[in-house]
Amino acid sequence: MTSTAELAAAFVALLKEGKHEDAARAYNADDIASYENMPGPMAESHGKQAVKGKGEWWTANHEVHEFTTAGPYLNGDQFAVHFYFDVTVKESGERRKMHEIGLYTVKDGKIAEERFFY
């Protein structure tokens, strides 16, 4: 079984390479729960397909100018990742620079939960 530290390192390495879908496919549990810090339909997603759909929606609706990742920062069966985004919201044309923390919980060698703080 892969340790949380090994999983976190491999997951973040893929994110740093821009391989977000590969990271999710390899490391998300089938029944993953995802929680965003916002109201609306993307606030909670349950299941690998729903989380994939949320990512596809985000990609389709934002033009990415810069994206960086720092971490992972470990604590037991959890790890945190710092994200920096410089994006333009396609619908409004608004450019946003955002810092975000992702907190991931690992169970049975897969990411069972992700929570985003911003």
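Residues numbered from 1 in each chain as written. Predicted model: local features only at pLDDT ≥ 70, side-chain atom pairs only at ≥ 80, totals over all residues. Heavy atoms only, no water.

## Let's talk about the overall build of the chain
This is how it is decided: Per the convention used, a helix needs a DSSP run of H or I reaching at least four residues, while a strand needs a run of E reaching at least two, with both numbered from the N terminus. The globule rule used here is 2.2 Å times the number of residues to the 0.38 power, and the radius of gyration it is set against is calculated over C-alpha atoms. For every residue, the accessible area obtained with a 1.4 Å probe (protein chains only) is divided by the maximum for its type, and the residue is called buried under 20%, exposed over 50%, and partly exposed between those limits. It only takes one pair of heavy atoms within 4.5 Å for two residues to be counted as in contact. When charges are tallied, Lys and Arg are placed among the positive residues and Asp and Glu among the negative ones, while His and the ends of the chain are skipped. Charged groups are reduced to one reference atom each: NZ for lysine, CZ for arginine, CG for aspartic acid, CD for glutamic acid.
Regarding its fold elements, the chain presents three helices and six strands. Taken from the N to the C terminus, the helices and strands of the chain come in the order α-α-β-β-α-β-β-β-β. Computed over the C-alpha atoms, the radius of gyration of the chain is 14 Å, within 12% of the 13 Å expected from 2.2 N^0.38 for a compact globule of 118 residues. Considering the chain as a whole, with its 118 residues, one finds that 37% of them fall into the buried category. Counting contacts in the chain only where the partners sit at least 6 residues apart, residues at least 24 apart contribute 43% of the total. Once the 13 positive and 19 negative side-chain charges of the chain are each reduced to a mean point, those two points are 3 Å apart.

Limitation: the analysis is restricted to geometry and does not speak to function.
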